[in-house]
Amino acid sequence: METLTGTDIDKAQALLEQGCLVAIPTETVYGLAANALDPEAVLKIFEAKQRPQFNPLIVHISDWAEAQQYVSHIPATAQLLAKEFTPGPLTFLLPKKDIIPDIITSGSPLVALRVPAHPVCRALLSRLSFPLAAPSANEFGYISPTLAAHVQQSLEGKVAYILDGGAATVGLESTIIGFDEAEEVIVHRVGGLSIEQLEAVLGKKVQFPVRTQEQAPLTSGQLKSHYAPHTALYTGDIPALALRFPGKKIASISFSASYPLEHVQQFVLSPGGSLTEAAGNLFRVMREIDALQADIILAEIFPDEGLGRAINDRLNRARAVFKP
Ligand code: TXA
Ligand code: MG
């Protein structure tokens, strides 16, 4: 299969209506989309990504008002957050209606719903008579794509068309929330919408899942080895770490500082010190470093606030693969 990249929304629409896969732009990362109501089309996503079928997919809708077609109950807290943050980088886990095929949720009674904010994605969704199932458009386990060219690198030959919407502005996957029996918010994946923003609207702290080691994670974003570059990645103080790897080809990822380390190829994510800007650059820089074929990547630990939390989360997962 030849993979074409372009900006033709008509073409993307036609392919999706035929049950084919199309890579779509969103403000978080690019997605690999199919008709969410067609199990055969959805199966193609799992095949193209070589993604295990126990890993459920997010369903993308064009407007929050559509949520009631697909879920049987919307807690008041979910309505409140949806009013504030949709469209945007926030995904809701809610009890599904029968119209959502089991392959989407891997048999779970909950479906993940998101209203993307990207204008091209919204234009496409508003023309379709069905929602779009879409995981990030990368090979399973690798870094999510923030440019159409990244999708091309990852899924060449596996998708007919990549709808190019430019660089993803948020650059990190959506924040995923669920609700407990008391309808309190539980954050299952930190992402493009900060915890502070959620808490400001709720007027209280959110919770995180309590999990023992043996339990399977609810979302694969919680798997340890995920979002990982091919190059070994270590986190900590860059100048101190650099001393531990003499003779190695080193690349570094820092927030706003550069260091007097001539032998280290340094990538500064936001010289002006914006965590939002840093988040937008992280995945692109990780891919650029992989292409350099450095021996190791040294990454700084970011401030644990705003999107810095999600950046640290992704760096930790990238790192975990190489730790025993
Ligand atoms: O920003 C995003 O969320 C991007 C764009 C394309 O929307 N999508 C994305 O999809 O990151 P994916 O498949 O790479 O990650 C979605 C995560 C996975 O960890 C999956 O396990 C979890 O959401 N998830 C999806 N449906 C779920 C469900 N019913 N219950 C629990 N977790 C679910
Ligand atoms: Mg993914």
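Residues numbered from 1 in each chain as written. Chains lettered and ligands numbered in written order. Predicted model: local features only at pLDDT ≥ 70, side-chain atom pairs only at ≥ 80, totals over all residues. Heavy atoms only, no water.

A.B. asks: Can you help me understand unusual backbone geometry in this one?
C.D. replies: The phi angle of most residues is negative, glycine excepted, and most peptide bonds adopt the trans form. Cis geometry is adopted by the peptide bond preceding Pro87, which originates at Thr86 and carries an omega value of -5 degrees. Structurally, Pro87 is set in the loop between helix 4 (76-85) and strand 5 (90-95). Positive phi, close to 55 degrees, is recorded for Ser106, a residue that is not glycine. With respect to the helices, strands and loops of the structure, Ser106 is situated in the loop between helix 5 (102-105) and strand 6 (110-114). Its identity as a non-glycine residue notwithstanding, Glu183 has a phi of 65 degrees, on the positive side. In this structure, Glu183 sits in the loop between strand 9 (175-179) and strand 10 (185-189). (Helix = DSSP H or I, 4+ residues; strand = E, 2+ residues; numbered from the N terminus.)

A.B. asks: What exactly am I supposed to notice about the layout of surface pockets here?
C.D. replies: By rolling a water-sized probe across the atoms, one finds the places where empty space is left. Space inside the second largest pocket adds up to approximately 280 Å³. Along the walls of the second largest pocket sit twelve residues, with His188, Val190, Phe208, Asp313 and Arg317 positioned nearest its centre. Mapped onto the lining of the second largest pocket, the elements with two or more residues apiece are strand 10 and helix 11 (308-320). Residue-level mapping places the lining of the second largest pocket at the junction of two domains, with at least three residues from each of domain 1 (4-202) and domain 2 (232-318). (1 Å grid on protein atoms, 1.4 Å probe; cavity = no way out; pocket = protein on both sides within 12 Å on 5 of 7 lines; lining within 4 Å. Points joined across faces, edges and corners; volume = space filled by probe spheres on them. Domains from an automatic or database assignment.)

A.B. asks: How should I be thinking about the packing of aromatic side chains in this particular structure?
C.D. replies: How two aromatic rings sit relative to each other is set out by the distance from centre to centre and by the angle between their planes. Enumeration according to the criterion identifies three aromatic pairs in this entry. Ring geometry for Tyr234 versus Phe245: centroids 5.0 Å apart, planes at 45 degrees, classification tilted. In this pair, Tyr234 is assigned in strand 11 (residues 232-235) and Phe245 in the loop between helix 9 (238-243) and strand 12 (250-254), connecting sequence segments eleven residues apart. With relative accessibility at 13%, the residue Phe245 sits in the buried group. Here Phe255 and Phe302 contribute two aromatic rings whose centre-to-centre distance is 5.5 Å and whose plane-to-plane angle is 45 degrees, an arrangement assigned as tilted. Here Phe302 lies in the loop between strand 14 (296-299) and helix 11 and Phe255 lies in the loop between strand 12 and strand 13 (264-268), a separation of 47 residues in the sequence. This pair shows no difference in class: Phe255 is buried, exactly as Phe302 is. (Phe/Tyr/Trp six-rings, centres within 6.5 Å; stacked < 30°, edge-to-face > 60°. Buried < 20%, exposed > 50% of the residue type's maximum accessible area, 1.4 Å probe, protein only.)

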